[in-house]
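A closer look at the structure
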Amino acid sequence: MSQTIGELLRRAVCDLKCGGTAEPQAAAQVLLADLLDLPRLSLFLETQRVLSTPQCDAYAARIRRRLQGEPVQYIIGTQEFWSLSFAVNTSVLIPRPETELLVEHGVAHARQWCSRHAAVHVLDVGTGSGNIAISLAHAVPQSRVWGVDISWDALQVARSNAQYHAMADRIRWIQGDLSVPIRETIPQVALCTANLPYVTAAEWEQLPRDIKAYEPALALCGGEDGLDPIRRFVILAPEVLASGGMVILEVGWQQAKTVMEVLWQRDAFVDVGVERDLAGIERVVWARKR
């Protein structure tokens, strides 16, 4: 049965609220705007527009998926990050706004490096959808980037995103565990970024259904204290870093101090530091190689 945009939105918001869905109004609007290929603002300018029965049915199917807990980003298949659009599916973690802080610091270091060198080599470990690697390549044209992930399916998403953003010729994707597969196959890099799994065992049990049932546990679970992958990464990172190169890590709530201590324990690193995100959480830890 055909309905107007206004009628569809009112019903969807009501259903999502009754279903206990987070941010029901935003979810209803985004799902409909994407379906109709319209900006969200246009929905309010066309509330009396009548949609066809197939359009109404397709929207109802999207609302049912959201009621079952599926994240909006997976339903529409995209997520914005660093002002770029990235394809996402259940093979990759949904990019979060706080990770833009890591990119911000990476871009600053890469540009500083380029002021003294003709090019900058960048390695992104645990690349997932490729959002960090592609954002760095986009912001720093002199960069040559490698993205590594243990998941083959994740790398297919990253490759597709690189092609969409015309970065395929500047980024090489490699499957493997941390920096192990590329230690002897690429030049030493000036910048190594990593958004590795850092959710603790206790935190995993408390995560909402939207995350636990849909986002890949491989990209989230970091062991009992959440730092197993990060500790291994810190051991391996000096082998791929050039002298004066920087490693930048995203970490979880209350993990920054421990990660900084792990970095200080490696004689290879100096100038260890931390930055807070907009929520005041110490989110990004960095260190420079001697």
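A brief structural summary. All figures in this text were calculated on a predicted structure; none of them were measured in a lab.

Here's the deal with the overall build of the protein chain
Secondary structure assignment for the protein chain yields 12 helices and 11 strands. On C-alpha atoms alone, the protein chain measures out to a radius of gyration of 21 Å, which is about the 19 Å that the 2.2 N^0.38 rule sets for 290 residues. Here the C-alpha coordinates of the protein chain stretch approximately 65 × 40 × 30 Å along the principal axes. Taking all 290 residues of the protein chain together, the buried fraction comes to 52%. Looking at the protein chain alone, contacts between residues at least 24 apart form 66% of all its contacts between residues at least 6 apart. For the protein chain, the accessible surface area stands at approximately 13,600 Å², while carbon and sulfur atoms represent 51% of it. For the protein chain, the separation between the mean place of its 28 positive charges and that of its 33 negative charges on side chains is 2 Å.

Here we look at the sheet that holds strand β10 (residues 269-276)
Spatially, the seven strands line up as an open sheet ordered β7-β6-β5-β8-β9-β11-β10, and their pairing is mixed. Of all the strands in the sheet, just β7 (171-175) and β10 have a single pairing partner and so form its edges. If you compare each strand with its neighbour and ignore which way they point, the axes differ by 15 degrees on average. Judged from the six bridges that link them, strand β5 (residues 120-125) and strand β6 (residues 143-149) form a sheet pairing that is parallel. Each residue of the ladder has a partner; that of Val-125, found in β6, is Val-148. Against the sheet, helix α6 (residues 100-114) makes contact with β5, β8 (189-194), β9 (241-250), β10 and β11 (282-289), and its axis sits at roughly 165 degrees relative to β9, the strand it touches most. Its contacts with the sheet put helix α8 (residues 152-164) on β6 and β7, and the angle it makes with β7 is roughly 170 degrees.

Focus on the environment of Ile-5
In this fold, Ile-5 is placed in helix α1 (residues 5-18). The class of Ile-5 is buried, set by a relative accessible area of 0%. A C-alpha to C-alpha distance of 6.4 Å links Ile-5 and Val-50, two positions 45 residues apart in sequence. Setting aside chain neighbours within four positions, we find Ile-5 in contact with Leu-32, Leu-36, Leu-43, Glu-46, Thr-47, Arg-49 and Leu-51.

A word on helix α7 (residues 131-139)
The buried fraction of α7 amounts to eight of the nine residues, a majority that puts the element mostly inside the structure. Taken residue by residue, α7 has Asn-131, Ile-132, Ala-133, Ile-134, Ser-135, Leu-136, Ala-137 and Ala-139 as its buried positions.

Let's talk about the state of the cysteines
Scanning all chains against the criterion turns up zero disulfides. The thiol of Cys-114 is not disulfide-bonded; the next cysteine sulfur, from Cys-192, is found 16 Å away. Overall, the relative accessible area of 14% leaves Cys-114 in the buried class.

Remarks on unusual backbone geometry
A positive phi angle, close to 55 degrees, is found at Asp-37, a residue other than glycine. Inspection of the secondary structure puts Asp-37 in the loop between α2 (24-36) and α3 (40-45). By relative accessible area, which is 68% here, Asp-37 ends up exposed. The backbone phi angle of Ala-166 is positive, close to 55 degrees, even though this residue is not glycine. Inspection of the secondary structure assignment puts Ala-166 in the loop between α8 and β7.

What counts as what
- Residues numbered from 1 in each chain as written.
- Predicted model: local features only at pLDDT ≥ 70, side-chain atom pairs only at ≥ 80, totals over all residues.
- Heavy atoms only, no water.
- Helix = DSSP H or I, 4+ residues; strand = E, 2+ residues; numbered from the N terminus.
- Rg over C-alpha atoms; globule rule 2.2 N^0.38 Å.
- Buried < 20%, exposed > 50% of the residue type's maximum accessible area, 1.4 Å probe, protein only.
- Contact = heavy atoms within 4.5 Å.
- Areas by Shrake-Rupley, 256 points an atom, 1.4 Å probe, with all protein chains shown as cover.
- Lys, Arg positive; Asp, Glu negative; His and termini not counted.
- Charge placed at Lys NZ, Arg CZ, Asp CG, Glu CD.
- Pairing = 2+ DSSP bridges.
- Axes fitted to C-alpha atoms, helices over the stretch in contact; angles between N-to-C directions.
- Disulfide = S-S within 2.5 Å.

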